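# Chain and residue survey
Listed below, chain by chain, are the residues.
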Amino acid sequence: MVRSVFFGFSALSLAACASTGIPAERTVAVIGSIAYRERIALPPTAQIEVRLDDVSLADAPANNMASQRFASEGRQVPFAFTLTVDRADIDPRHSYAVSARITDADGKLMFITDTRNSVTFGSGSAVDMGTLMLVKAH
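Given the structure is predicted, the values throughout are model-derived calculations rather than measurements.

What counts as what
Residues numbered from 1 in each chain as written. Predicted model: local features only at pLDDT ≥ 70, side-chain atom pairs only at ≥ 80, totals over all residues. Heavy atoms only, no water. Helix = DSSP H or I, 4+ residues; strand = E, 2+ residues; numbered from the N terminus. Buried < 20%, exposed > 50% of the residue type's maximum accessible area, 1.4 Å probe, protein only. Contact = heavy atoms within 4.5 Å. Pairing = 2+ DSSP bridges. Salt bridge = Lys/Arg side-chain N within 4 Å of Asp/Glu carboxyl O.

Attention now moves to the side chain of asparagine 117. Note on placement: asparagine 117 falls in strand β7 (residues 117–119). Taking relative accessible area as the criterion, asparagine 117 reaches 14% and is therefore assigned buried. When residues no more than four places from it in sequence are discounted, the contact partners of asparagine 117 are Tyr96, Ala97, Val98, Met129 and Leu132.

This is how it looks when you write it as structure tokens:
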């Protein structure tokens, strides 16, 4: 079991290196999944967006650190995500949070995170956020 977790994180690090051009030892991956409780199927054209933002300043827009966007292509929740950031860009005095949204093909909001999902960076190569729950937009 320990070996599979190690290899999983190694693969994540290699993927991070390949996608960002930053050496793997300098990156941190924020991983997890998103889901919602409603028993509603997403249309195949639904768009998913997951963001890692610096939310330190209360009176200013959040600074986006990393994002992942993709189409559902007929798949349903839960959706896994991996957000990779350069460790040098993380300021230990700042606050970071992950948010997610699902929109239809026209950009109309369908589901969104409605709570703050704070990220605490440590010395590891990955931070597991678990499953973030989205709520239905009205």
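This is not the end of the story, as more comes after the structure.
Once that is clear, we can look at the pairing of strand β2 (residues 47–54). The buried fraction of β2 amounts to 6 of the 8 residues, a majority that puts the element mostly inside the structure. Pairing between β2 and strand β3 (residues 63–71): 8 bridges, direction antiparallel. What sits directly across from valine 50, in β3, is glutamine 68. By the bridge criterion, 8 bridges tie β2 to strand β5 (residues 96–103) in an arrangement that is antiparallel. Residue pairing in the sheet places aspartate 54 in a bridge with tyrosine 96 of β5.

Taken as a whole, this structure holds 5 salt bridges when the rule is applied. Between aspartate 91 and arginine 93 there is a salt bridge; the shortest N-O distance is 2.7 Å. Since its relative accessible area comes to 17%, aspartate 91 is described here as buried. Within this structure, Glu49, Arg51, Asp53 and Arg69 form a network of salt bridges that share partners.

Next up on the list: unusual backbone geometry. The peptide bond linking valine 77 to proline 78 adopts the cis configuration, its omega dihedral lying at 5°. Tracing the chain through its elements places proline 78 in the loop between β3 and β4 (79–86). The phi angle at glutamate 73 is positive, at roughly 50°, despite the residue not being glycine. Tracing the sequence through the fold places glutamate 73 in the loop between β3 and β4.

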